[in-house]
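What the coordinates show
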Amino acid sequence: MIDGGTHVRTNRARWNEISDDYQRLNGPQIRRQAFTGDISWGLWEVPESRLGVLGEVAGRDVLEMGCGGGQWSTALARRGARVVGLDLSERQLLHSRRLAADTGLAFPLVQASAETVPFAAGSFDIVFADHGAFSFADPMRAIPEAARVLRPGGLLAFSHVSPIYEITVRPGRNSPGTRLTRDYFGLRLVAEADGLVSMNLPYGAWIRLFRDSGLVVEDLLEPRPSTPVFDGRLDGDLDGSAAGGTGRESAAAAERADEEWARRWPSECIWRLRKPVG
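Because the structure is a prediction, the values reported are computed rather than measured.

1. Observations concerning the sheet that holds strand S11 (residues 268–274)
- Here we have seven strands laid out as an open sheet, ordered S5-S4-S3-S6-S7-S11-S10, and mixed in their pairing. Lying at the two open borders of the sheet, with one neighbouring strand each, are strand S5 (109–111) and strand S10 (216–221). Going across the sheet, the axis of each strand differs from the next one's by a mean of 15°, ignoring polarity.
- In the sheet, strand S4 (residues 82–87) pairs with S5 via three bridges, with the strands oriented parallel. In the sheet register, Asp87 faces S5, and the bridge partner there is Gln111.
- In the packing of helix H6 (residues 139–149) onto the sheet, the strands contacted are strand S3 (61–65), strand S6 (124–130) and strand S7 (150–161), and the crossing angle to S7 comes to about 150°.

2. Topic: the packing of aromatic side chains
- Per the counting criterion, the structure on display carries 13 aromatic pairs.
- Centre to centre, the rings of Trp15 and Tyr22 are 5.4 Å apart; their planes meet at 85°, and the pair counts as edge-to-face.
- With 5.7 Å between their ring centres and 25° between their planes, Trp206 and Phe210 make a pair best called stacked. Placement of both Trp206 and Phe210 in helix H8 (residues 203–212) is noted, with a separation of four residues, approximately one turn of the helix. No difference in accessibility class separates Trp206 from Phe210, as the two residues are buried.
- Through pairs of rings, three or more aromatic residues link up here, namely Phe134, Phe158, Trp206, Phe210 and Trp271.

3. Some points on helix H2 (residues 27–36)
- Regarding H2, the residues found buried are Gly27, Gln29, Ile30, Gln33 and Ala34.
- Looking one or two residues past H2, Gly37 carries a phi angle of roughly 80°, positive in sign.

4. Focus: the side chain of Glu268
- In this structure, Glu268 sits in strand S11.
- Engagement of the side chain of Glu268 in a polar contact is seen with the backbone nitrogen of Leu43, the distance being 2.8 Å.
- Only 3.4 Å separates the side chain of Glu268 from the side chain of Trp44, close enough to count as a polar contact.
- The contact partners of Glu268, leaving out residues within four places of it in the chain, are Gly42, Leu43, Trp44, His131, His160, Val161, Ser162, Leu221, Glu222 and Pro223.

5. Here we look at the environment of Leu156
- Residue placement: Leu156 occurs in strand S7.
- Using a relative accessible area of 0% as the deciding quantity, one classes Leu156 as buried.
- Put simply, Leu156 and Glu218 are 62 residues apart on the chain and 10.0 Å apart in space, counted from C-alpha to C-alpha.
- Once you skip the residues sitting within four places of it in the chain, Leu156 turns out to touch Val127, Phe134, Ile143, Ala146, Leu150, Leu215, Trp271, Arg272 and Leu273.

6. A closer look at H6
- Listed in full, the buried residues belonging to H6 are Pro139, Ala142, Ile143, Glu145, Ala146, Ala147 and Val149.
- Its buried side turned inward, H6 meets S3, S6, S7 and H8.

The rules behind each value
Residues numbered from 1 in each chain as written. Predicted model: local features only at pLDDT ≥ 70, side-chain atom pairs only at ≥ 80, totals over all residues. Heavy atoms only, no water. Pairing = 2+ DSSP bridges. Helix = DSSP H or I, 4+ residues; strand = E, 2+ residues; numbered from the N terminus. Axes fitted to C-alpha atoms, helices over the stretch in contact; angles between N-to-C directions. Contact = heavy atoms within 4.5 Å. Phe/Tyr/Trp six-rings, centres within 6.5 Å; stacked < 30°, edge-to-face > 60°. Buried < 20%, exposed > 50% of the residue type's maximum accessible area, 1.4 Å probe, protein only. Polar contact = N/O pair within 3.5 Å; in protein donor to acceptor, adjacent residues only side chain to side chain.

Shown next as structure tokens:
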């Protein structure tokens, strides 16, 4: 059982530890989005141009909750948005500053928890995250904070791991399976194999939280990989027990297994919510 009072400290410390490796491994995608402005959502990199989640951003005040290395904020600044990047990890923000120096597109960066956002009510037209703060902050605190800083008519959009995906991951593993192994009603605080504490809720609890925060659901998207990468089953199964080999081969097999899984069941969600006018 995770103590709800320690998850912020745990996630800040862990992101500081893994930030350099994360940015290095995802460097090509990060720099491509930052330098082209062609942003894409989630693990399967579904283009925003196809999904239309954020809509027009030029001239809008935008807050990215959990900006990480800053590629999304940089891309939106390139598109004419007035962006602020917020992140819990000072090491992640260091990478954001480096990207700003490389691109010449600087914007305010703030170190803070998404559970206590240091902005006045009604400060932003859009609040968003792509697997950002809403995956690692307590939603019971982060969603009301996002709603508070939105202006009437404003948009909240964020992606996170599907609850369906979460309840098939066996304890101590980081890949989904084909059996229900976790308590669906116990997703609020989940200790992950990589040392992070992730956050999720059952679908009904998400909807009630949005309603209680004064938000209206406009859409729930469940992106899938665009094309299959191979035919047939792996030499193993979809529970993360693909046949061994070199470390690189095993990692590639696990990635293929995740992609096959995501073509059959939802691995990611994107919520699109509106704060009503009046």
